[in-house]
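One letter stands for each residue in the lines below.
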Amino acid sequence: MTYLDHAATSPPRREVLEAVWPYLTQVTGNPSSAHEAGRAAKAGLDAARQAIADVLGARPGEVVLTAGGTEADNLAVTGIATAAPRGRHVVVSAIEHPAVLETARALRRSGFALDVVGVDADGVVDVEQLRALVRPDTTLVSVMYANNEIGTVQPLAEVSAVCRPLGVPLHTDAVQAAAHLPLDVDALGVDALSASAHKFGGLRGAGFLWVRSSVPLEPLLHGGGQERGRRSGTTDVASAVGTAVALHGAQAVRAAEAERLTALRERLVEGVLASVPGARLTGSRTRRLPGHASFCFAGVGGEAVLAELEGHGIACSSGSACSADSEDASHVLLATGLDADLARTAVRFTLGPTSTAEDVEAVLRVLPAAVRTAGGR
Ligand code: PLP
């Protein structure tokens, strides 16, 4: 199979499996236990937390381990917005993942004011509109680092320059960015950052939220007070170890991989635009994740194209895997100004560590006929 759906999930890195195994078979204590087995587990957990913090240029105590990106986003949005004493107003971008957008809408149902900042045709957030929306009682701004559907990378430094002087905490969903972009939180100018391990070669159902120690956080899960009271529940040490090893592995090869994947993506984008009539790239041509190529094929349903490609052994996605069941046109593509009919034709190819030039050629060989057949032409 030609797997070009790394934004949905990417296989665990080999070194992750090797690092995790001893924590499933030998070091199996509860890290909160006061005996030797517990201490050994805690040592592994502490090392993993430190390793994650090192990548972020942060302190280990600021890293809250979670069961994935969705939980990290929920904890960030609800936890920061509700803990802040200064008011009840949040601002999120129009192209956030549902893990942020729906959490913000849930806050609105509980009495918060919510403003949604728009994006331009490339999917880049409107920083001037954001400036106009932020108020003295704003408790959180959330703008994703890179978008899952169209790959657009946001100007976080500019967003931070709006929030910082006003003392408004800035959260970024870095779930798609973590495998591909720098994660130094001070350089980014953010106050909270979410990540999901399976997007960078860790295990599914694992992730973390980093929150600057000066930013109060109200927990979502109450209980035994693990994770410094910010996320109760027995910590999954093996997953945390896997997350740390995966993050280091991905970041160690980041620059070389970015160059390799950008070249493959460019070949794919140029090839598709040249060979498929009516094809259009969604998102920005340049401001995008290295291995991310997303298209609309006017008049041809995205799901039908996927089915044709699958018949040729190619696995990719229509927009985002998370909303693959939804009949609705993508809120991301609508926010960039596409009409609903065109938005329903979206097809996304996302490359990762296992992707090769041959994978790209395989797509270019079959896609023109696949689009023709799917469109009944
Ligand atoms: N945020 C973004 C941008 C994503 O792409 C995803 C998943 O695709 C998530 C959050 C949620 O992550 P998870 O499904 O691992 O909880």
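Residues numbered from 1 in each chain as written. Predicted model: local features only at pLDDT ≥ 70, side-chain atom pairs only at ≥ 80, totals over all residues. Heavy atoms only, no water.

## Regarding the layout of surface pockets
Inference 1: Of the volumes computed, that of the second largest pocket is approximately 250 Å³.
Inference 2: It is helix α9 (residues 254-275) that contributes the most residues to the lining of the second largest pocket, 3 residues altogether.
Inference 3: Each of two domains, domain 1 (2-9 + 253-374) and domain 2 (15-252), supplies a minimum of three residues to the lining of the second largest pocket. (1 Å grid on protein atoms, 1.4 Å probe; cavity = no way out; pocket = protein on both sides within 12 Å on 5 of 7 lines; lining within 4 Å. Points joined across faces, edges and corners; volume = space filled by probe spheres on them. Helix = DSSP H or I, 4+ residues; strand = E, 2+ residues; numbered from the N terminus. Domains from an automatic or database assignment.)

## Brief notes about the pairing of strand β4 (residues 113-117)
Inference 1: As paired strands, strand β3 (residues 89-93) and β4 are joined by 5 bridges and run parallel to one another. Residue pairing for β4: Val92 is matched across the bridge by Val116.
Inference 2: Following the backbone out of β3, through helix α4 (residues 98-109) and into the adjacent parallel β4, one traces a crossover that is right-handed. (Pairing = 2+ DSSP bridges. Right-handed = clockwise from strand over helix to strand, strands pointing away.)

## Notes on the environment of Val141
Inference 1: Relative to the helices and strands, Val141 is located in strand β5 (residues 138-142).
Inference 2: A residue is classified by how much of its surface remains accessible, and Val141, at 0% relative accessible area, is buried.
Inference 3: Expressed as a C-alpha distance, the spacing of Val141 and Pro165, which sit 24 residues apart in the sequence, is 13 Å.
Inference 4: Discounting residues that sit within four places of it in the chain, Val141 has contacts with Val91, Leu130, Val134, Val159, Cys163, Val168, Pro169, Leu170 and His171. (Buried < 20%, exposed > 50% of the residue type's maximum accessible area, 1.4 Å probe, protein only. Contact = heavy atoms within 4.5 Å.)

## What about the sheet that holds strand β10 (residues 292-297)?
Inference 1: The 3 strands lie next to each other as β9-β10-β12, forming an open sheet whose pairing is antiparallel. Of all strands in the sheet, those bounded by a partner on one side alone are β9 (279-281) and β12 (346-350). Adjacent strand axes in the sheet meet at a mean angle of 30 degrees when their direction is disregarded.
Inference 2: Here β10 runs beside β12; their pairing, made up of 5 bridges, is antiparallel. Residue pairing for β12: Ala293 is matched across the bridge by Phe349.
Inference 3: On top of the sheet, α9 reaches β9, β10 and β12; it is set at about 10 degrees to β10, its chief contact. (Axes fitted to C-alpha atoms, helices over the stretch in contact; angles between N-to-C directions.)

## Notes on helix α3 (residues 69-83)
Inference 1: The end-to-end C-alpha distance of α3 is 20 Å, a good match for the 21 Å that 15 residues give at a rise of 1.5 Å each.
Inference 2: Counting buried residues in α3 gives 11 out of 15 residues, a clear majority hidden from the surface.
Inference 3: Residues of α3 that are buried: Gly69, Glu71, Ala72, Asp73, Leu75, Ala76, Val77, Thr78, Gly79, Ile80 and Ala81. (Expected span 1.5 Å × (residues − 1).)

## Regarding the side chain of Ser284
Inference 1: Along the chain, Ser284 turns up in the loop between β9 and β10.
Inference 2: Engagement of the side chain of Ser284 in a polar contact is seen with the backbone nitrogen of Thr286, the distance being 3.2 Å.
Inference 3: Setting aside anything within four residues of it in sequence, one finds Ser284 in contact with Asp122 and Thr152. (Polar contact = N/O pair within 3.5 Å; in protein donor to acceptor, adjacent residues only side chain to side chain.)

## Some remarks on empty space enclosed by the protein
Inference 1: Going through the model one piece at a time under the given rule, you end up with 1 cavity of 30 Å³ or more.
Inference 2: The calculated volume of the largest cavity comes to roughly 40 Å³.
Inference 3: In this structure, the largest cavity is lined by 10 residues; those nearest its centre are Glu149, Thr282, Ser294, Leu333 and Ala346.
Inference 4: In the lining of the largest cavity, the residues fall into 5 nonpolar, 3 polar and 2 charged. (Nonpolar A, V, L, I, M, F, W, Y, C, P; charged D, E, K, R; others polar.)

## Some points on the environment of Thr356
Inference 1: Among the secondary structure elements, Thr356 is positioned in the loop between β12 and α13 (357-374).
Inference 2: Through-space distance from the C-alpha of Thr356 to that of Val119 is 32 Å; in sequence the pair is 237 residues apart.

## Details of the domain arrangement of the chain
Accessible area lost during the coming together of the parts is what is often quoted as the interface size.
Inference 1: Once the domains are mapped, the chain shows domain 1 (2-9 + 253-374) and domain 2 (15-252).
Inference 2: Each partner contributes residues to the interface: domain 1 has 26 residues there, and domain 2 has 34 residues.
Inference 3: Roughly 2,500 Å² of surface becomes buried between domain 1 and domain 2 when both sides are summed, with 54% attributable to carbon and sulfur atoms.
Inference 4: Summed over the three residues of domain 1 that lose the most area to domain 2, namely Arg254, Arg287 and Leu289, the buried surface amounts to 28% of that side.
Inference 5: In this assembly, domain 1 and domain 2 are joined by 0 salt bridges.
Inference 6: The tally of links from domain 1 across to domain 2 stands at 21 residue pairs in polar contact (both at pLDDT 80 or more).
Inference 7: When grouped by side-chain class, the residues that make up the side of domain 1 that touches domain 2 number 11 nonpolar, 11 polar and 4 charged. (Buried area = accessible area lost by both parts, 1.4 Å probe. Salt bridge = Lys/Arg side-chain N within 4 Å of Asp/Glu carboxyl O.)

## Thoughts on the sheet that holds β4
Inference 1: A sheet is described by the order of its strands in space; here 7 strands give the open sequence β2-β8-β7-β6-β5-β3-β4, paired in mixed fashion. Edge positions in the open sheet fall to β2 (63-66) and β4, since each of these has one partner strand only. Looking at each pair of strands side by side, their axes are set apart by 20 degrees on average, direction ignored.
Inference 2: Note: β5 against strand β6 (residues 170-173), 2 bridges, orientation parallel. Residue pairing across strands places Ser142 opposite His171, the latter belonging to β6.

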